[in-house]
Amino acid sequence: MAGNSKAAGCLTLFAILAVVGGCMRLFGYETESEKAAAIAETARAAGLPDLVGKSLTEAQNTARTMDIRLDDEGIGMISSCHDKTDCIIFRMSPKPGAVVEKFGEASVTWATSEERTWYNKHRKMPKVVGWSEEKAERFFEPVEAAVDDTATRESRKVPAGKHLVLAQSPKAGKPLKLGQKIKLVIGYNYESSTSTGDMRYGNTDIDVHVGDGGESRFCSRRWWC
């Protein structure tokens, strides 16, 4: 009899909870998770908002509200966002207005204030051919993440013991867009000759992958390799 009484009590409690739950929904009462799910569904149906110009913090909050994943990256593979309020979105995919399914993914690309300042200051690519490796390092340091392909090449055109920029991409004078990748070829000459070499370069601009001609000294000092 005791067992039957306990079973009956459990069934009664379950029935009460079911009735209460049904009544709560009937009168518009929702749990916090149900409210959040409803908000996310409404937000997804409205499409992705424009995230360009927003901080990484804001973009992540938006993705969280919409129940979607956010894939973010900086201007290069070695980019690091230490302050998400300082990393501002300048590119996104899919485009604003696109509908992303629940747990779907959107991607954004951001730049730090230091990187944005550098690109705003240098709207066109300067001529860096002939610069020393050290000068190039100092110049590109604010956007080192964007210098994604640097090769070295032995050249008799470089004075003995020197390391100089032999080629560059984009070409000098070409417009530079925020986050645009930059490529350099560093020339070196380990000959013991006292000759100053010949700095009359031929084609000093490159538009394709320059290949791997060795390790630049940039690589030994946390640079872009």
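The preceding data block contains the structure.
Structure report, in brief. What you see is a predicted model; the values in this text were computed from it and never measured.

1. Considerations on the nonpolar core
The nonpolar side chains of a soluble globular protein tend to be buried with one another.
No. 1: Counting residues in hydrophobic clusters, the biggest one holds 20 residues, and the most contacted among them are Ile75, Trp118, Val128, Phe140, Val165, Ile182 and Leu184.
No. 2: Those elements that place two or more of their residues in this core are helix H4 (113–121), helix H5 (133–140) and strand E6 (182–188).
No. 3: Leu51, Leu56, Cys81 and Val100 belong to the second-largest nonpolar core, a separate cluster that totals 15 residues.

2. Examining the sheet that holds strand E5 (residues 163–169)
No. 1: Pairing within the open sheet is mixed, and its three strands lie in the order E4-E6-E5. The sheet is open, and its two edges are formed by strand E4 (147–154) and E5, each paired on a single side. The mean angle between the axes of side-by-side strands here comes to 25°, regardless of whether they run parallel or antiparallel.
No. 2: Pairing geometry for E5 and E6, over six bridges, is antiparallel.

3. Section: the layout of surface pockets
Gaps left between atoms are located by rolling a probe of water-molecule size over the structure's atoms.
No. 1: Each pocket or cavity is described by its volume, and for the largest pocket that value is around 300 Å³.
No. 2: Looking at the lining of the largest pocket, its residues break down into four nonpolar, four polar and seven charged.

4. A closer look at the state of the cysteines
No. 1: In the structure shown here, the tally under the stated rule is one disulfide.
No. 2: One disulfide in the model links cysteine 81 with cysteine 87; its S-S distance is 2.1 Å. An S-S torsion of about 120° defines the bridge between cysteine 81 and cysteine 87 as right-handed. By the burial criterion, cysteine 81 is buried, and cysteine 87 matches it.

Analysis parameters
Residues numbered from 1 in each chain as written. Predicted model: local features only at pLDDT ≥ 70, side-chain atom pairs only at ≥ 80, totals over all residues. Heavy atoms only, no water. Core = buried A, V, L, I, M, F, W, Y, C linked by side-chain atoms within 4.5 Å. Buried < 20%, exposed > 50% of the residue type's maximum accessible area, 1.4 Å probe, protein only. Helix = DSSP H or I, 4+ residues; strand = E, 2+ residues; numbered from the N terminus. Pairing = 2+ DSSP bridges. Axes fitted to C-alpha atoms, helices over the stretch in contact; angles between N-to-C directions. 1 Å grid on protein atoms, 1.4 Å probe; cavity = no way out; pocket = protein on both sides within 12 Å on 5 of 7 lines; lining within 4 Å. Points joined across faces, edges and corners; volume = space filled by probe spheres on them. Nonpolar A, V, L, I, M, F, W, Y, C, P; charged D, E, K, R; others polar. Disulfide = S-S within 2.5 Å.

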